[in-house]
Amino acid sequence: SYHDALPICLRVAAGEALYVEPSPSFAPFPYPPLFHWLGATATALLGPTLPALRMVSVLSTVAVLGCVFALARRRGGAPAGLIASGVLAAAYTFTGQWLDVARVDALALALMAATLLVATSGPALRGSIGAGVAAGLLACLAVLAKQLALPFAAALALGLAVRAVSRRAGIAMALATAGSVGASVLWLENASDGWFLFTTVDVLAGSPWHGPAVLGFWWECAVPFAPILVLFALGRETRGERPEDRGPDAPEPVSPALALGLVALVLVAWAGRAHEGGVRNTLLPAALAGALVAGPAAARAARLRPRVPAL
């Protein structure tokens, strides 16, 4: 039930432990603590109500859309940013209408989008250690919101490290992520007398695979996002097009960090959906990746073929 978040946040606000031995009166949610910490703050400011917790998710959704706009604008200007944000917003029903409820999903998605924004920024791609550290700290916050952010962060760090020019940023991101996540886990594990890892790792590790979703996930995502393939075809260079005809907003080649980040978003969505209990909120990372591909593809197609905007 969405309403389960309110008593948990009120428990945190009262100073009670979040991760304890399950009992008939209280069983912890198998999620990291960041949403409940922010929810406790929201209830202290706005009152102990469900709308106070939903405000955390609403603001997170706004942050996601802002990050998507900024990410897509790099590869196709403002039109690409607007289209990408619109595609993600249009995926609200496809992903189960979870973005504005009192749960961790919107917060985790916002922090993952912010991590991707920093890790694929110009300074990070030029090897800035500061940008790598900033991306690593954002990745830690994303992991503290939802566990699936950890493999996503690893993919981003690897993408930065494979190129010599950005390797320092990749190493810095990996070290910052590992150090901050490791310190957080040690602190939470010690504060909970060992119940933190049991709740957030052991409980979920026992979840079996859901056979129909292992392959069904790909068809489920392919149907609504199939138009992206059309946009790619329409956005290909025409025969005889000269490089100087591409315009000042022509995107640079996709960096390994961005490519691996988008692939990781899809794979973590697949892993969540393909396990028992994986409902439609697990599709959110895949929708984020689809939006970031669709925006620049549509903008480029529209520039090369002016009739495409109507389509």
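Fair warning: this is a prediction, and the values are worked out from it, not measured in the lab.

Reading the values: the criteria
- Residues numbered from 1 in each chain as written.
- Predicted model: local features only at pLDDT ≥ 70, side-chain atom pairs only at ≥ 80, totals over all residues.
- Heavy atoms only, no water.
- Buried < 20%, exposed > 50% of the residue type's maximum accessible area, 1.4 Å probe, protein only.
- Helix = DSSP H or I, 4+ residues; strand = E, 2+ residues; numbered from the N terminus.
- Arc of directions from axis to C-beta.
- Contact = heavy atoms within 4.5 Å.
- 1 Å grid on protein atoms, 1.4 Å probe; cavity = no way out; pocket = protein on both sides within 12 Å on 5 of 7 lines; lining within 4 Å.
- Points joined across faces, edges and corners; volume = space filled by probe spheres on them.
- Nonpolar A, V, L, I, M, F, W, Y, C, P; charged D, E, K, R; others polar.

**Q** If you had to explain helix α9 (residues 195-205) to someone new, which residues and values would you point to?
**A** For α9, every residue scored as buried is listed here: Phe196, Thr199 and Thr200. The arc enclosing the buried residues of α9, seen along the axis, measures out at 90°, which places them on a common side. On its buried face, α9 is in contact with α8 (167-191).

**Q** Give me the lowdown on empty space enclosed by the protein, citing residues and values where you can.
**A** Enumeration according to the criterion identifies two cavities of 30 Å³ or more in this entry. The wall of the largest cavity is formed by Asp105, Ala108, Leu109, Met112, Lys146, Leu148, Asn281, Leu284 and Pro285. Of all the elements in the fold, those that place two or more residues in the lining of the largest cavity are α4 (105-119) and α13 (284-304). For the lining of the largest cavity, the leading source of residues is α4, giving four residues. The residue inventory of the lining of the largest cavity, partitioned by class, reads six nonpolar, one polar and two charged. The space that makes up the second largest cavity amounts to roughly 40 Å³.

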